[in-house]
Structures are given as C-alpha cells and as structure tokens.
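One letter stands for each residue in the lines below.
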Amino acid sequence: MAKERSQQRVEPFSPNSSAGIYRHKWWAMAGVGLGILMATLDISIVNISLPTLVKELNTNFATIQWVTVGYVLVLTSLMLGAARLGDIVGPKKLYLAGLTVFTLGSLLCGASPSVGWLIGFRAFQGLGAAMTQAVGAAIITMVFPPEERGRALGISGGIVAFGLAMGPAMGGLIIGMAGWRWVFLVNVPIGFLAGFVIWKHAPYLRTGQVGQRFDAAGALLLLVTLVCYALAMTVGQRTGFATAVVLGLLAAAVVGLFLFVFLETRVHQPMIDLTIFRDPLFSLNLVMGFLAFVMSGGFLVLPFFLELVMGYSTVKAGLFMMAGPVSMGMVSPWAGTLSDKHGSRLISLIGLLFLVGGCLAVGTLHAGVSGLGYLLRIAPIGIGMGLFQAPNNSAVMGRAPKNRLGVASGLLSLSRTLGTSTGLPLMGALFTAHVIVLSGLPTVTNLADLPREAIADAVAGTYRTTALFGLVVVMLALSALKLGRRNANGIGTERCES
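(A) Layout of the overall build of the protein chain. The helix and strand tally for the protein chain stands at 19 helices and two strands. Per-residue burial over the protein chain gives 55% buried out of 498 residues. A sequence separation of at least 24 residues applies to 82% of the contacts in the protein chain between residues at least 6 apart. A total of about 20,900 Å² of accessible surface is found on the protein chain, and carbon and sulfur atoms cover 69% of it.

(B) Main features of the nonpolar core. Residues Leu 118 and Phe 282 are the most contacted members of the largest nonpolar core, which totals 79 residues. In terms of residue count, helix 6 (residues 115–143) provides more of this core than any other element does, 12 residues in total. If we skip the residues at most four places from it in the chain, Phe 282 touches Ile 276, Phe 277, Val 396, Arg 399, Ala 400, Ala 408 and Leu 411. In this structure, Leu 291, Leu 302, Val 369 and Ile 381 belong to the second largest nonpolar core, which totals 47 residues.

(C) Spatial organisation of helix 6. The terminal C-alpha atoms of helix 6 lie 42 Å apart, and with 29 residues this matches the ideal 42 Å at 1.5 Å per residue to within 8%. At Val 135, helix 6 shows its maximal bend, which comes to roughly 35°.

(D) Focus on the environment of Met 142. Along the polypeptide, Met 142 turns up in helix 6. With 255 residues separating them in the primary sequence, Met 142 and Met 397 have C-alpha atoms 9.7 Å apart.

(E) Up close: the confidence of the model for the protein chain. Of the residues in the protein chain, 84% have a pLDDT of 70 or more, and the chain-wide mean is 78. The spread of mean pLDDT over the elements of the protein chain runs between helix 1 (residues 2–10), the lowest at 38, and helix 16 (residues 344–362), the highest at 91. Every residue in residues 1–20 scores below 50 in pLDDT, and together they form 25 contacts with partners more than four places removed in sequence or on other chains. A low-confidence stretch, residues 491–498 (pLDDT under 50), is modelled with 24 contacts involving residues beyond four sequence positions or located in other chains.

(F) Structural context of helix 16. In this model, helix 16 (19 residues) spans 27 Å end to end at C-alpha, consistent with the 27 Å of a helix rising 1.5 Å per residue. The set of residues buried in helix 16 consists of Ser 344, Arg 345, Ile 347, Ser 348, Leu 349, Gly 351, Leu 352, Leu 355, Val 356, Gly 358, Cys 359 and Val 362.

(G) Region of the structure containing the side chain of Asn 392. Within the secondary structure layout, Asn 392 lies in helix 17 (residues 371–399). The exposure class assigned to Asn 392 is buried, which follows from its relative accessible area of 1%.

(H) Just the packing of aromatic side chains, in detail. This model, assessed by the stated rule, comprises seven aromatic pairs. Between the aromatic rings of Phe 305 and Tyr 374, the centroid separation amounts to 6.3 Å while the plane-to-plane angle is 15°, which identifies the pairing as stacked. Taken together, the positions of Phe 305 in helix 13 (residues 302–309) and Tyr 374 in helix 17 put the pair 69 residues apart, joining distant regions of the chain. The exposure class assigned to Phe 305 is buried, which follows from its relative accessible area of 0%. Following the ring pairs from residue to residue traces out a cluster consisting of Phe 305, Tyr 312, Phe 320 and Tyr 374.

(I) Seen up close, the layout of surface pockets. Computed from the structure, the second largest pocket encloses a volume of approximately 590 Å³. Considering the residues around the second largest pocket, the lining is formed by 21 residues, among which Leu 226, Leu 257, Leu 411, Leu 414 and Leu 418 are closest to the centre. Of all the secondary-structure elements, those providing two or more residues to the lining of the second largest pocket are helix 10 (216–239), helix 11 (244–264), helix 12 (280–295) and helix 18 (405–439). No other element matches helix 11, which puts five residues into the lining of the second largest pocket. Residues belonging to the lining of the second largest pocket are distributed by class as follows: 18 nonpolar, three polar and no charged.

(J) The arrangement of the environment of Leu 414 in detail. Turning to its location among the elements, Leu 414 is positioned in helix 18. Leu 414 sits 336 residues away from Leu 78 along the chain, and the two C-alpha atoms are 9.4 Å apart.

(K) Molecular detail of the side chain of Asp 279. Mapped onto the elements, Asp 279 comes out in the loop between helix 11 and helix 12. Since its relative accessible area comes to 15%, Asp 279 is described here as buried.

(L) Just the packing of helix 15 (residues 323–342) against helix 16, in detail. Between helix 15 and helix 16, the least distance of the axes is 7 Å, while the angle of their chain directions is 135°. Judged on the interaxial angle alone, helix 16 and helix 15 are oblique. Contacts between helix 15 and helix 16 involve Ala 335, Leu 338, Ser 339 and His 342 from the former and Ser 344, Leu 346 and Ile 347 from the latter. Looking at the contact of helix 15 with helix 16, its residues break down into four nonpolar, three polar and no charged.

(M) Here's a closer look at the environment of Ile 45. Here Ile 45 is to be found in helix 2 (residues 25–56). Here Ile 45 falls in the buried class, since its relative accessible area comes to 2%. Each C-alpha atom of the pair Ile 45 and Trp 180 lies 9.9 Å from the other, and the pair is 135 residues apart in sequence. Beyond its immediate chain neighbours, meaning those up to four positions away, Ile 45 contacts Gly 167, Met 170, Gly 171, Ile 174 and Val 183.

(N) Here's a closer look at the packing of helix 5 (residues 91–110) against helix 6. Across the interface, helix 5 lies against helix 6 with an axial gap of 7 Å and an inter-helix angle of 150°. The pairing of helix 5 with helix 6 is recorded here as roughly antiparallel in orientation. Regarding helix 5 and helix 6, the two cross each other, and that crossing is left-handed. Of the residues belonging to the contact of helix 5 with helix 6, the class tally is 19 nonpolar, seven polar and two charged.

Criteria and cut-off values
- Residues numbered from 1 in each chain as written.
- Predicted model: local features only at pLDDT ≥ 70, side-chain atom pairs only at ≥ 80, totals over all residues.
- Heavy atoms only, no water.
- Helix = DSSP H or I, 4+ residues; strand = E, 2+ residues; numbered from the N terminus.
- Buried < 20%, exposed > 50% of the residue type's maximum accessible area, 1.4 Å probe, protein only.
- Contact = heavy atoms within 4.5 Å.
- Areas by Shrake-Rupley, 256 points an atom, 1.4 Å probe, with all protein chains shown as cover.
- Core = buried A, V, L, I, M, F, W, Y, C linked by side-chain atoms within 4.5 Å.
- Expected span 1.5 Å × (residues − 1).
- Bend = angle between axes of the 7 residues up to and from the residue.
- pLDDT = per-residue confidence, 0-100.
- Phe/Tyr/Trp six-rings, centres within 6.5 Å; stacked < 30°, edge-to-face > 60°.
- 1 Å grid on protein atoms, 1.4 Å probe; cavity = no way out; pocket = protein on both sides within 12 Å on 5 of 7 lines; lining within 4 Å.
- Points joined across faces, edges and corners; volume = space filled by probe spheres on them.
- Nonpolar A, V, L, I, M, F, W, Y, C, P; charged D, E, K, R; others polar.
- Axes fitted to C-alpha atoms, helices over the stretch in contact; angles between N-to-C directions.
- Parallel < 35°, antiparallel > 145°, perpendicular 65-115°, else oblique.
- Left-handed = near helix turned anticlockwise from the far one by under 90°.

Here you go:
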C-alpha cells in the first residue's frame with residue numbers, strides 16, 4: 001500500500017488528464033499556503049523590525065531600508081524568469097527549490113554579523129521568494145478543477161491577508177522576547193514543514209512542454225528592465241521623481257521594455273509568449289490587478305493619521321492598521337466560492353465598487369473622528385480587496401493556456417509587486433502635494449509640526465483622488481464583464497470564460 005502511494009506521488013500529473021481530480025489537492029494547497037504565509041509574514045515582520053535593526057547593527061535609516069529594498073528588487077526582477085523556468089522544469093521542482101533557498105536565506109539572515117551581510121542574505125532570500133511566488137498559483141490552478149479554482153485562490157488570498165495582518169504584532173512580540181535574529185529564524189521550521197508537505201503530497205505536474213529551452217537573453221533583458229524600474233520607484237521616494245537619476249532609470253526601463261518585446265517576437269522559444277496578451281480578457285484582468293494594488297498604496301499615509309492626528313501610540317496604531325487586512329482575509333475565501341458559482345468578473349466588479357466606496361469614505365476623515373468611525377471607513381477597502389482579488393486571479397488563470405500556467409502565475413505575482421512598488425511612492429507624492437497645498441509651505445520637512453487638521457485633510461484628499469483613480473478600474477471591470485458575457489454566449493457558460 002505504501003508502495004502504491006509512493007508511485008502515485010511521483011507519477012506526473014496532467015491537469016488535462018481524463019483520469020480524474022487529483023486526490024491530494026488540499027494537501028498541495030496546504031503546502032503552498034505555508035509558503036505564502038511564510039513569505040507574507042516575513043515582509044510585515046521585517047518592516048516592523050527596521051528601527052530595532054538600526055540600533056542593533058549600528059547603522060542608519062538610509063542603509064537599513066535596503067534590507068527591504070534589496071529583497072523587493074530581487075523578487076520583482078526575477079519573478080517572470082522563475083515563472084518561465086517553472087513551465088520548463090515543472091512547478092513542483094521549482095517550488096521546492098525556492099523553499100530551500102528561502103529557508104536557507106532565513107537562516108543566514110538570522111546569523112548575519114553585520115548590516116552588509118544581512119542585506120546580501122535578504123537578496124538571496126528574495127531569489128527563493130521569486131521561485132515560490134512565481135508558481136504557487138500555477139500549482140493551485142492545476143490541482144483544483146475549474147469549479148473550485150476561485151475558492152482555492154480565495155483561501156490563498158486569505159492567507160496573504162492573515163500574514164500581513166499578524167506580522168507587525170508577531171514581530172513586536174518576537175523582538176521583545178527573543179531578539180531581532182528570530183524575526184528571520186522563525187521561517188526555518190515553517191520552511192521545513194512546507195517543503196515536506198509539498199514533497200510528499202504535491203504532484204509532479206506535467207505542463208505538456210517537451211524540448212523547451214530557457215530564453216536566457218530575454219530573461220537578462222527583462223531583469224535589467226525591471227531592476228531599473230524598481231530602483232526608480234524606490235530611489236524616487238527619497239530623492240523625488242524629477243531627479244536626473246530617477247528619470248534616467250525610468251527611461252532605461254522604457255527602452256528595455258521595447259527591446260524585450262522586440263526580442264520576444266523574434267526568438268523561437270521566448271521567455272514570454274506575447275500571443276498570450278492577444279486575449280483581451282486575460283490582459284484586462286491583469287491590468288485591473290495591477291491598478292488595484294496601486295490603489296492599495298494609500299495605506300502608506302494612514303499611520304500618520306493614526307499617530308499624529310488621533311494621537312495613538314505606535315502599538316495601538318499598528319492594531320488599527322490590521323483592520324484592512326483582517327477584513328480582506330475574512331472575505332477572500334467566501335469571494336472565491338461565490339466566483340465559482342456566479343462567475344469571477346461579476347464578483348470582482350462588486351469588490352471594486354466596495355473599494356471605491358471605501359476610498360470615498362476615508363475621504364471624509366477629519367481630526368475629530370472616533371476610533372469606530374475610522375474602522376467603519378477602512379473596513380470597506382479591505383472587503384473590496386477581498387472580493388476583488390481572488391475572483392480576478394481566477395479569471396486570469398482561467399484564461400491562461402495550460403502550457404503557460406507558470407508564466408500566468410508569475411504575471412499575477414508581478415502585477416502585485418509592481419502595483420505595490422508603484423502605488424507606495426504615488427500615494428506618498430499625492431499626500432505630500434495635499435499637505436503643501438493645505439499648509440501653504442513650499443516643502444514639508446516635519447509632519448509633526450503641522451496642524452492636525454492639515455494632516456487629516458491631506459489624508460482625506462489623497463483617498464478622494466484614489467477613488468477617482470478607482471473609477472477607471474471599475475470601467476475596465478465593466479468592459480471585462482461585458483466582453484466575458486459576449487464570449488460566454490458563444491460557448492454556453494460564463495464560468496468557462498471566467
């Protein structure tokens with residue numbers, strides 16, 4: 001009996017097979033979920049530990065932020081290369097390799113003797129995260145049937161929200177009880193457990209690709225392009241976006257993108273088959289996901305409202321910041337189940353309407369608002385993201401060709417990271433512009449010196465502008481819904497198109 005289970009475990013599994021549904025799909029989901037939890041916890045835990053790292057490693061803020069920046073740069077830049085590699089070697093092999101690299105990187109981060117070593121090991125950790133995040137959605141899509149895909153992706157979205165919500169509280173507790181090194185070392189047992197579950201229960205997925213080669217030139221060109229873009233977004237937050245360095249990086253990213261497209265249309269086995277974007281539904285949902293995460297960058301300015309306007313301590317502000325992720329985590333699995341029954345595009349549209357409504361509600365914040373009033377305004381944003389993300393992810397993965405699931409999964413993850421890295425500086429710039437206009441000052445050096453009312457009005461104004469931006473995403477969602485229904489009328493069921 002054990003021999004039979006072993007043989008089944010290593011036998012390649014094809015999502016197109018008529019043999020039936022993979023029996024261990026929930027075990028595979030558990031393994032991927034542990035990897036997602038580890039990655040999201042790591043991001044939020046590390047961010048809360050940066051002030052401690054400045055003191056413990058005897059460094060400064062300009063240096064220590066590269067503990068986060070270096071990780072994000074590697075993660076963003078290598079995402080699509082890893083996704084393409086997953087289509088060639090198989091998602092399970094790449095996921096296990098990524099877990100190994102990430103877990104080893106966590107161990108090395110915890111043993112770092114200096115800030116320089118820590119930044120280097122965080123970049124190594126980012127390599128592992130790129131490998132796991134690139135193919136996680138592909139594994140879920142391949143082991144779950146289409147009628148359960150939304151539910152499964154909704155659960156993964158709930159895990160993301162849970163990790164982001166619990167990270168700050170866990171980080172403060174770990175640092176207080178065991179020291180900063182355990183912020184990284186906590187990943188080691190989780191990584192071993194996730195690797196064991198994936199190795200034992202996830203199938204060796206067969207993508208239908210034979211004799212494929214890796215497009216090294218395309219991968220290198222895309223790497224350089226995304227590094228230039230990510231550097232522009234991160235450096236611009238400190239120096240401003242009108243500086244020669246930032247404008248040069250953005251120009252290099254644009255030139256690199258054109259060269260990449262030119263190259264990919266001429267190689268026999270491209271890293272990204274650009275014909276995948278000929279499907280307008282696939283492209284629309286991918287763009288919508290990117291823009292929704294740009295909007296989520298507004299959370300950058302909320303701590304200033306909570307601490308400088310409402311007068312909350314850092315700990316209390318952190319607890320109130322959990323409202324968005326918690327509401328998202330509660331809704332996301334339910335949204336995935338609804339999308340399986342009623343079609344993903346309708347549910348994602350409803351989520352976007354909640355998101356825009358929440359932004360308008362936050363746009364009414366004022367200096368005299370109560371804690372309950374704040375929570376009631378923020379909750380619709382988390383609910384909206386929860387209702388939108390899982391159905392939209394399901395719509396993207398449902399339109400992807402079976403032999404390009406890895407690339408589609410990587411594009412989803414890339415849209416999230418690029419949206420976040422774009423949204424944070426954009427919302428920061430909007431907030432600063434509102435502060436300057438409201439205060440009448442030429443520049444802003446210290447927000448703590450400004451009147452509470454000016455900061456509150458600036459936060460509200462930022463979210464009102466974000467709501468206008470969200471209306472554009474709603475229009476795209478309406479177009480996708482209309483196009484999806486038109487296609488569905490031609491094949492008999494909307495869910496096949498969603």
